[in-house]
Protein chains: 4
Amino acid sequence: MTETIISADIVESENEKRRAELTRDYASLGERLDRRGIAIDAIRDKVAAFKVAVPSWGVGTGGTRFARFPGAGEPRDIFDKIEDCAVIQQLTQATPKFSLHIPWDKADANRLKQAASRFGLGFDAMNSNTFSDARDQKLSYKFGSLSHADAATRQQAVEHNLECIEIGKTIGSKALTVWIGDGSNFPGQVNFTRQFERYLDAMKAVYAELPDDWRLFTEHKMYEPAFYSTVVQDWGTNYLIAQELGPKAHCLVDLGHHAPNVNIEMIVARLIQFGKLGGFHFNDSKYGDDDLDAGSIDPYRLFLIFNELVDAELNNTKGFDPAHMLDQSHNVTDPIESLMLSAIEVQRAYAAALLVDRKALEGFQDANDALMATQTLKTAYRTDVEPILAMARLDSGGAIDPVAAYRAAGYRAKVAAERPAVAGGSGGIV
Amino acid sequence: MTETIISADIVESENEKRRAELTRDYASLGERLDRRGIAIDAIRDKVAAFKVAVPSWGVGTGGTRFARFPGAGEPRDIFDKIEDCAVIQQLTQATPKFSLHIPWDKADANRLKQAASRFGLGFDAMNSNTFSDARDQKLSYKFGSLSHADAATRQQAVEHNLECIEIGKTIGSKALTVWIGDGSNFPGQVNFTRQFERYLDAMKAVYAELPDDWRLFTEHKMYEPAFYSTVVQDWGTNYLIAQELGPKAHCLVDLGHHAPNVNIEMIVARLIQFGKLGGFHFNDSKYGDDDLDAGSIDPYRLFLIFNELVDAELNNTKGFDPAHMLDQSHNVTDPIESLMLSAIEVQRAYAAALLVDRKALEGFQDANDALMATQTLKTAYRTDVEPILAMARLDSGGAIDPVAAYRAAGYRAKVAAERPAVAGGSGGIV
Amino acid sequence: MTETIISADIVESENEKRRAELTRDYASLGERLDRRGIAIDAIRDKVAAFKVAVPSWGVGTGGTRFARFPGAGEPRDIFDKIEDCAVIQQLTQATPKFSLHIPWDKADANRLKQAASRFGLGFDAMNSNTFSDARDQKLSYKFGSLSHADAATRQQAVEHNLECIEIGKTIGSKALTVWIGDGSNFPGQVNFTRQFERYLDAMKAVYAELPDDWRLFTEHKMYEPAFYSTVVQDWGTNYLIAQELGPKAHCLVDLGHHAPNVNIEMIVARLIQFGKLGGFHFNDSKYGDDDLDAGSIDPYRLFLIFNELVDAELNNTKGFDPAHMLDQSHNVTDPIESLMLSAIEVQRAYAAALLVDRKALEGFQDANDALMATQTLKTAYRTDVEPILAMARLDSGGAIDPVAAYRAAGYRAKVAAERPAVAGGSGGIV
Amino acid sequence: MTETIISADIVESENEKRRAELTRDYASLGERLDRRGIAIDAIRDKVAAFKVAVPSWGVGTGGTRFARFPGAGEPRDIFDKIEDCAVIQQLTQATPKFSLHIPWDKADANRLKQAASRFGLGFDAMNSNTFSDARDQKLSYKFGSLSHADAATRQQAVEHNLECIEIGKTIGSKALTVWIGDGSNFPGQVNFTRQFERYLDAMKAVYAELPDDWRLFTEHKMYEPAFYSTVVQDWGTNYLIAQELGPKAHCLVDLGHHAPNVNIEMIVARLIQFGKLGGFHFNDSKYGDDDLDAGSIDPYRLFLIFNELVDAELNNTKGFDPAHMLDQSHNVTDPIESLMLSAIEVQRAYAAALLVDRKALEGFQDANDALMATQTLKTAYRTDVEPILAMARLDSGGAIDPVAAYRAAGYRAKVAAERPAVAGGSGGIV
């Protein structure tokens, strides 16, 4: 049986405080939705079935190039991280899988599987790292990895990715996510074409070893850590990669990796249309790759992305099966709290998108009634679906108010006492 | 024999004033280049062979949505425009072709050919217009053209493009450029996928009628006139279009049509690598699609683009044959002056890119010597190639200083007297 | 007694259809708010008292530099515009004032006052126009107006503003809004400092004639129509102007006039803190000055701005009295519908901001509990306040669903029959 | 007598290789400038007198939040850094001063002065650091420093700044530069107004202790490390600070700290006009605060900034006396090489700006001849002033080609042998 970290009594007593109001609010919302022809229980069931993965590196406190201010009780290794992930899953019931980052999370495969299964957790995509040098690494990635000018360095990066696949096979992962920082800081530093050819060659070597039931996700990013050019700079290049590699290769969309003002939901639609959307790294941002909590800056944008996803889901679009993961940097909050609320925020966008009257929308679109079309989206977006989300959690054994339950349980103070403070870094932030 | 509009005497007397200094500067620069292993005459010959087309609509004064402030002597019709284009070609010898915009430039094909050949001019790509409604047009493009929800409106837009091909065939054009403003102003106004499917279907109908020796250029643009989404919003979508349509379809890059901060030279490199670079609309910009004079805001960026083009040229990259055209809005300058200097600015970037020591550059790149690699570009860029450009003009029968000759000839005052002032618009600005 | 344009019967019958549900939803929301310690009636009263002005030019169809696609029944003159404004006010009860733009709206003062008072409307700020040339204007603004290099042109622009004040005095306006397009398109075209000195001198001449009970609003904008530099480019320069001119001068914030990614709510806070916030031009945008409907692209941003405004209101911040106006370009919608929904969207942001638990927020801020602080805002924002807005309208004599009532009344078809279609422009868009 | 680190023989032998060509190129350029009415020697003298400071932290290898890839022979402490700075000054003769960052560069004042004077170096502005926690610091800056909600933390930050002043007084510095990362990552995390009030109060306490012959520089930055709001986010807020503090307070402009597309040269002009320009942190950037080498991405922008500076210099603008410093992050180059070339690049922009025919420019501006005005700038910018810069170096005892001399001397290999590799950070990057 699955072990829980937060005492069931605490969860129950916290839920008890809120159950009556939730029941009433759920009924009241249900009545309002019923008038719009929507069955609230069906929405709740869909939300309950919607999951988003947590990145192992997300449970540590993030930082910037200027400083990292550690929090209390930071996880010391992957096993501490698994416990933190288990808390998130226990209280939200939205995050049954977590994602490993190699080499930081390397450990004995059996121990990993055991630790995860103890809490009923599974393994999401494997993440390789060739954007920093690991201790005792033979060749440096200072000037690139999979696209490095030197063949031996590229080979080392390929082998690292193959190792990630091997680890993943033993623990039951089904995907490899490749994000690299390769690029250049100065005009002329690299030849764009030769660099991309080298990248494609290296990725073909990785792809060749990918099991048949795996998917390969490549992730584009406009800039940082490279500040003049980046090899996989946008979805155009990402699409070319997926096309060159083959049917198991798909594009991963991190919401913070685009140029200012870009219409991301449209990129999502294009990738769906051409069968190459692999999945998401959810977060939010105002300036660059700020890696803030999902939905914290522009929640309507998140909704509009889910509007595309729900559209594809309802249309049974061929090959549509995106992976969902959070990818954030928690610099000033308790990472567990941020990840719980961010998972819920993603569910919120999904739930609201499910409320869109798509038949009416299509009619307004065909009639060029822009005003009513956009109001149709707004009507769904404005609906406060919190009762649905909370009921889905409650029904699944989670907490009505995960942060309240988490704080009531005193988990952070407890691990702060157990885990000595570490000054160093908590692994890379992609 | 080709007729000239500016008196040969004036050109000659203006050149005479500058010939001695130019000769001296050319020799001095030649000596300095010789030390770098570069033969100045070879560069001059390449520059002399480099041409860029002028858009017919460029010779009228442009404007913004707030106002258009007409200039003196604006062209009243395509025949006036041809005369203005002839002046630009006469003095710069860099612009032997101009590009028609239909319906504004519609006229009897024989008269068009006659008017152009009188000045030794040829016809560049045909440009269709479905981003505004023409007088007496049956169906409006208010809600789109090639991607309109209504089949009849799409068909009308297709037929307009087919008409452009027909006109082009009679006058000797070899390409059709399609830019449309289709998109949406509000989330939900259109379904991205259905809209793009309609666009692709319409474009396939146009492509089907394209002569075998023609090319089809599609042009992407991030936004404006649509302010939430645009069908062909970036090079990723543009590439998908070219791929879907076939080998005669290529992507056109307008320098002002990208998101803030985007690395345009890298997009150019990608399109070259995948055989889909069709050509350019040159201009410069600081904020949005400002349509300022080429090289006026960020001349180094223009150089970096030409660095890619020269690289492909020297590598004999398969299928590399980009079309060059200016596309600017001249709101506060004499359009003829701006076009002359912009054509020269494009040649300047080309000339400087030819000076790059590519063997040394490749060595620095392979050695990850970022500093020396970027300095190699800077050394070429910093070289003041004006004597080369001027000598190329002089040798070809143009003016050493085209603006000085133009002003000396009093052309603007002359046409101001002949052409009555018009308050209305001067055609669309793409 | 105030005359109404939409038949009271239609409004009543439309309201009747929705009254029962509204009553129930209002009660249900009231109960939920009550649990949070909020009295819904008090919020409704504040919303009912909140007003936003409509710009006269907003009721015409807008356009871009590429095209303007007229709508049916566009207003032919200021008196048609007043009728359209009356419809907006009748159905929303949120827009009792409208704003004139001179010279387009010039008319006999008595006729203006009579036309407005017939519908119970008042006059908001006067808007001058020196960003385009009026018919028969002596000197052109092609190269600037209040900052023009030529003293006579500056004087002409000053006199135009003085005329606007004079007109305003006769009709009861209490403010002058000055937005100009002056700037430059090329580096070197103007000397920034000399140009700004000329601007300040001209504005001092305008300020000198401002009645004591008037305010002067200056409006900054990053770019467009000038594409290299703009005299009043940002809030920093705008603040300097207000400071140089004196206590009656304040800064106007148009939401679409900022650089990409800028935190506008913070600018608002700074201007409030230093006593120089004059008011707003509300709209929304994704790329540049897109002039889309308020709240249509990023509704949370609008809420965050109102979060600052409500904070200042509740703190009785000295000198805090911002003017509210819509300023949008309606290119693809019925302008009346867009303005009605935009006025409501502004009220929605205000209502939601009133729901913020400010005592709790302050506590979280002082405790550096970033997560709970931001959730406090989100809780308010997520509340669907539509029943409050609708009840405020209903209680004031407006429509529960203004667009439904408007469409039921067939107003657009009626005026389309009365007002002949015009191809020309509908006045400037600020 | 001043000690040199690079052997004079090597410098001399490297210079000898290039002297003849430089002499010839200088003469040839002199002749061309003479035709434009410019005396080359006067320009050379001005360039020779133009200096830019080097930041102590700049000689270490920089990094990103993802990784830092150390270079060989990195300085271990401030005394190593001083030696590296001495090399830069010896070869360029452009950087006689360097700037300390406290606490990293804390050391015995006498030792500091001795180390600096040994190489003829002086101390530029003092830089405080409250954007990261120093070892053994009592209160954390995780949630802010000078604007922290907690008074004791603010006081600690004030005292740190006062300590910087004290250190500076002992070593002969005359300015304090304050840049902080204070801001917020989430809407609602802080109250903008209260936070800014706290900041102003703290800064007043610092200002009160500033010696009369010192200046206080405050530096604005749009974002990073805070990703939703930043206390000193732009020049508008920076100006308010300088105004509130008093006449010794001035605004520092870091070129990479602005929103996308912002016209920085115009901000510079405004600050000059209102007597508040303190100085610069030079660097270049394409996306955010990329901290790339000055002039490496957009050299024309750097020129346009110097166009403003030269204008003010020639006009003897009251109070105009900007401080010049480099502030860059050298992630992929040898920091010494980058700093040498960046100092030269700043001089290059200055030299070119000196060549602008300002009388002609003013005439074109007054005549609204935008084309000739911008060409006047371009003519100056296009002039390859390298012979002037090299001659200024040579005449001052530096190297004609500093990078060549540096590489010939083998300095990096030498210090790599002496200084053991360190994995850790190299101090903050502002």
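Looking at an unreviewed UniProt entry, one finds chain A named L-rhamnose catabolism isomerase and attributed to Mesorhizobium zhangyense.

1. Considering the interface of chain B and chain A
Residue-level contacts link 54 residues of chain B with 54 residues of chain A. Approximately 4500 Å² of surface area, both sides summed, lies buried where chain B meets chain A, with 58% of it carried by carbon and sulfur atoms. At the junction of chain B with chain A, the criterion picks out four salt bridges. Put simply, A:Arg194 and B:Asp366 hold a salt bridge, and the shortest N to O gap is 3.4 Å. At the junction of chain B and chain A, the tally comes to 21 residue pairs in polar contact (both at pLDDT 80 or more).

2. Quick word on the relation of the copies chain C and chain B
With an RMSD of 0.0 Å, the fit of chain C onto chain B corresponds to turning through 180 degrees and sliding 0.0 Å along the axis. One copy is carried onto the other by what is essentially a two-fold rotation axis. Nearest to the rotation axis, the C-alpha of C:Arg65 is located 2.1 Å from it, this being the minimum over chain C. The fraction of interface residues of chain C whose copies in chain B are also interface residues reaches 100%, indicating that both copies meet through the same surface.

3. Quick notes on the packing of helix α1 (residues 8-35) of chain C against helix α14 (residues 402-409) of chain C
Residue and element names in this part refer to chain C. The geometry of α1 relative to α14 is characterised by a closest axis approach of 9 Å and an angle of 135 degrees between their N-to-C directions. Between α1 and α14, the interaxial angle falls into the category oblique. Crossing hand, α1 versus α14: right-handed. Facing Ile10, Glu14 and Arg18 of α1, the residues of α14 in contact are Ala404, Ala405, Ala408 and Ala409. Taken together, the residues that form the contact of α1 with α14 break down as five nonpolar, no polar and two charged.

4. Considering the relation of the copies chain B and chain A
Rotating chain B by 180 degrees and moving it 0.0 Å along the rotation axis overlays it on chain A with an RMSD of 0.0 Å. A shared binding surface is used by both copies, with 100% of the interface residues of chain B retained as interface residues in chain A.

5. As for the environment of D:Ile180
All names here are of chain D. Topologically, Ile180 is positioned in the loop between β4 (175-178) and β5 (183-184). Spatially, the C-alpha atom of Ile180 lies 8.3 Å from that of Gly144, the residues being 36 residues apart in sequence. Other than its neighbours up to four places away in sequence, Ile180 contacts Thr130, Ser145, Leu146 and Tyr199.

6. Regarding the sheet that holds strand β7 (residues 215-219) of chain A
All names here are of chain A. Read across the open sheet, the six strands follow the order β4-β5-β7-β9-β10-β11; overall the sheet is parallel. Of all the strands in the sheet, just β4 (126-127) and β11 (323-326) have a single pairing partner and so form its edges. Running over the sheet, helix α6 (residues 192-208) touches β5 (175-178), β7 and β9 (249-254) and is turned about 155 degrees from β7. On top of the sheet, helix α8 (residues 264-273) reaches β9 and β10 (277-282); it is set at about 155 degrees to β10, its chief contact.

7. Section: the interface of chain C and chain B
Counting residues at the interface gives 46 residues for chain C and 46 residues for chain B. Together, the buried faces of chain C and chain B total about 3900 Å²; carbon and sulfur atoms form 66% of this surface. When the buried surface of chain C facing chain B is broken down by residue, C:Arg65, C:Phe66 and C:Tyr287 rank first, second and third, together holding 22% of it. The interface formed by chain C and chain B contains six salt bridges. B:Asp289 serves as the salt-bridge partner of C:Arg65, at 2.9 Å between the closest nitrogen and oxygen.

8. Digging into the packing of aromatic side chains
All names here are of chain B. Applying the stated rule across the entire model yields 82 aromatic pairs over all chains. Judged by centre distance (6.2 Å) and plane angle (40 degrees), the ring pair of Trp104 and Phe131 falls under tilted. With Trp104 in the loop between β2 (97-101) and α4 (109-118) and Phe131 in the loop between β3 (122-127) and α5 (151-171), the pair connects residues that are 27 residues apart, well separated along the chain. According to the relative accessible area criterion, Trp104 is partly exposed, its value standing at 35%.

9. Overview of helix α7 (residues 235-245) of chain D
Of all eleven residues that make up α7(D), nine are buried, and the element is covered over most of its length. Those residues of α7(D) that fall on the buried side of the exposure criterion are D:Trp235, D:Gly236, D:Thr237, D:Asn238, D:Tyr239, D:Leu240, D:Ile241, D:Ala242 and D:Leu245. In the core, the buried residues of α7(D) are packed alongside α7 (235-245) and α8 (264-273) of chain C together with α6 (192-208), β6 (215-219), β8 (249-254) and α8 (264-273) of chain D. Sitting at the amino-terminal end of α7(D) is D:Asp234, which places a side-chain oxygen 3.2 Å from the backbone nitrogen of D:Gly236. Phi turns positive one or two residues past the end of α7(D), at D:Gly246, with a value near 135 degrees.

10. Concerning the confidence of the model for chain A
All names here are of chain A. Chain-level statistics for chain A give a pLDDT mean of 96 and a share of 98% at 70 or above. Counting contacts from residues 424-430, a segment whose pLDDT is below 50, to residues more than four positions away or on other chains yields 30 contacts. For this predicted complex, the interface confidence comes out at an ipTM of 0.97, alongside a pTM of 0.97.

11. So, the sheet that holds strand β1 (residues 54-55) of chain A
Residue and element names in this part refer to chain A. A sheet is described by the order of its strands in space; here three strands give the open sequence β1-β2-β3, paired in parallel fashion. Both outer strands of the open sheet, β1 and β3 (122-123), are each paired with one neighbouring strand and no more. Where strand β2 (residues 97-99) meets β3, two bridges bridge the pair, whose relative direction is parallel. Bridging across to β3, Phe98 finds its partner in Phe123.

12. Thoughts on the pairing of β4(D)
All names here are of chain D. By the alternation rule, side chains of β4 split into Ala175 and Thr177 and Leu176 and Val178, which are all buried. In the sheet, strand β3 (residues 122-127) pairs with β4 via two bridges, with the strands oriented parallel. What sits directly across from Met126, in β4, is Leu176. Between the parallel elements β3 and β4, the chain passes through helix α5 (residues 151-171) in a crossover that is right-handed.

13. Description of the packing of helix α7 (residues 235-245) of chain A against helix α7 (residues 235-245) of chain B
Interhelical geometry of α7(A) versus α7(B) gives an angle of 40 degrees and a closest axis separation of 7 Å. Taken together, the axes of α7(A) and α7(B) are oblique relative to one another. Of the two elements, α7(A) crosses α7(B), and the hand of that crossing is right-handed. Across from A:Trp235, A:Gly236, A:Thr237, A:Tyr239, A:Leu240 and A:Gln243 in α7(A), the residues of α7(B) making contact are B:Trp235, B:Gly236, B:Thr237, B:Tyr239, B:Leu240 and B:Gln243. Split by residue class, the contact of α7(A) with α7(B) holds six nonpolar, six polar and no charged.

14. Considering the pairing of strand β4 (residues 175-178) of chain B
Sheet topology note: the β4(B)/strand β6 (residues 215-219) of chain B ladder contains four bridges and is parallel. By the bridge assignment, B:Leu176 is partnered in β6(B) with B:Leu216.

15. Description of the side chain of C:Ser329
Residues and elements named next belong to chain C. Along the chain, Ser329 turns up in the loop between β10 (323-326) and α10 (335-354). On the basis of relative accessible area, Ser329 is assigned to the buried category, the value being 7%. Of note is the side chain of Ser329, whose polar atom sits 2.7 Å from the side chain of Asn331.

16. Here we look at the state of the cysteines
For the coordinates displayed, the defined rule picks out zero disulfides over all chains. Take A:Cys164: it sits in no disulfide, and the sulfur closest to it among the cysteines is that of A:Cys85, at 17 Å.

17. Describing the environment of C:Asn368
Mapped onto the elements of the fold, C:Asn368 is located in the loop between α11 (358-366) and α12 (370-382). For C:Asn368, a relative accessible area of 18% translates into the label buried. Every residue in contact with C:Asn368, bar those within four places of it in the chain, is listed here: D:Phe143 and D:His148.

18. A look at the side chain of C:Arg419
All names here are of chain C. Relative to the helices and strands, Arg419 resides in the segment after α15 (411-418). The exposure class assigned to Arg419 is buried, which follows from its relative accessible area of 2%. Separated by 2.9 Å, the side chains of Arg419 and Asp84 make a polar contact. Within the structure, Arg419 has its side chain in polar contact with the side chain of Tyr411 (distance 3.3 Å).

Calculation notes
- Residues numbered from 1 in each chain as written.
- Chains lettered and ligands numbered in written order.
- Predicted model: local features only at pLDDT ≥ 70, side-chain atom pairs only at ≥ 80, totals over all residues.
- Heavy atoms only, no water.
- Contact = heavy atoms within 4.5 Å.
- Buried area = accessible area lost by both parts, 1.4 Å probe.
- Salt bridge = Lys/Arg side-chain N within 4 Å of Asp/Glu carboxyl O.
- Polar contact = N/O pair within 3.5 Å; in protein donor to acceptor, adjacent residues only side chain to side chain.
- Least-squares fit on C-alpha atoms with pLDDT ≥ 70 in both.
- Axes fitted to C-alpha atoms, helices over the stretch in contact; angles between N-to-C directions.
- Helix = DSSP H or I, 4+ residues; strand = E, 2+ residues; numbered from the N terminus.
- Parallel < 35°, antiparallel > 145°, perpendicular 65-115°, else oblique.
- Left-handed = near helix turned anticlockwise from the far one by under 90°.
- Nonpolar A, V, L, I, M, F, W, Y, C, P; charged D, E, K, R; others polar.
- Pairing = 2+ DSSP bridges.
- Phe/Tyr/Trp six-rings, centres within 6.5 Å; stacked < 30°, edge-to-face > 60°.
- Buried < 20%, exposed > 50% of the residue type's maximum accessible area, 1.4 Å probe, protein only.
- pLDDT = per-residue confidence, 0-100.
- Right-handed = clockwise from strand over helix to strand, strands pointing away.
- Disulfide = S-S within 2.5 Å.

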